[in-house]
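The chain contents come next:
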Amino acid sequence: MSTSDIRVEKGHAGPEEVAAITAILLARAAAVPAAPAHRRPKAGWRRLEREGGFRAPHSWH
């Protein structure tokens, strides 16, 4: 990384402060996102267009 990769928009940041924020940003970018806590339940019904075309005459939906 060169010094032009990160720029302070307002105020004066020392080299240690720039290094600290760079380390935090790189650690967050490399972190693996956590899996979602909950998943949507599977639907209890089926879509007709995804089922086979033939149904036996004695079957009931």
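Right above here is the structure, for reference.
Definitions and limits used
Residues numbered from 1 in each chain as written. Predicted model: local features only at pLDDT ≥ 70, side-chain atom pairs only at ≥ 80, totals over all residues. Heavy atoms only, no water. Helix = DSSP H or I, 4+ residues; strand = E, 2+ residues; numbered from the N terminus. Buried < 20%, exposed > 50% of the residue type's maximum accessible area, 1.4 Å probe, protein only. Patch = residues over 30% accessible without salt bridge, like charges linked within 9 Å, V, L, I, M, F, W, Y side chains within 5 Å. Areas by Shrake-Rupley, 256 points an atom, 1.4 Å probe, with all protein chains shown as cover. Salt bridge = Lys/Arg side-chain N within 4 Å of Asp/Glu carboxyl O. Polar contact = N/O pair within 3.5 Å; in protein donor to acceptor, adjacent residues only side chain to side chain.

Chemist: How would you summarise the overall build of the protein chain if you had to cite specific residues and measurements?
Modeler: When its secondary structure is counted, the protein chain shows one helix and zero strands. Here the protein chain holds 61 residues, and 2% of them are scored as buried.

Chemist: Give a description of a nonpolar patch on the surface that names residues and reports values.
Modeler: Residues Ile 21, Ile 24 and Leu 25 make up a contiguous nonpolar surface patch of roughly 270 Å² in combined accessible area. Among the secondary structure elements, Ile 24 is positioned in helix α1 (residues 15-30). Overall, Ile 24 belongs to the partly exposed group, its relative accessible area being 47%.

Chemist: Quick one: what's the story with the side chain of Thr 22, residue by residue and with numbers?
Modeler: The topology assignment puts Thr 22 in helix α1. Accessibility expressed as a relative area gives 12% for Thr 22, which makes it buried. Only 2.6 Å separates the side chain of Thr 22 from the backbone oxygen of Val 18, close enough to count as a polar contact.

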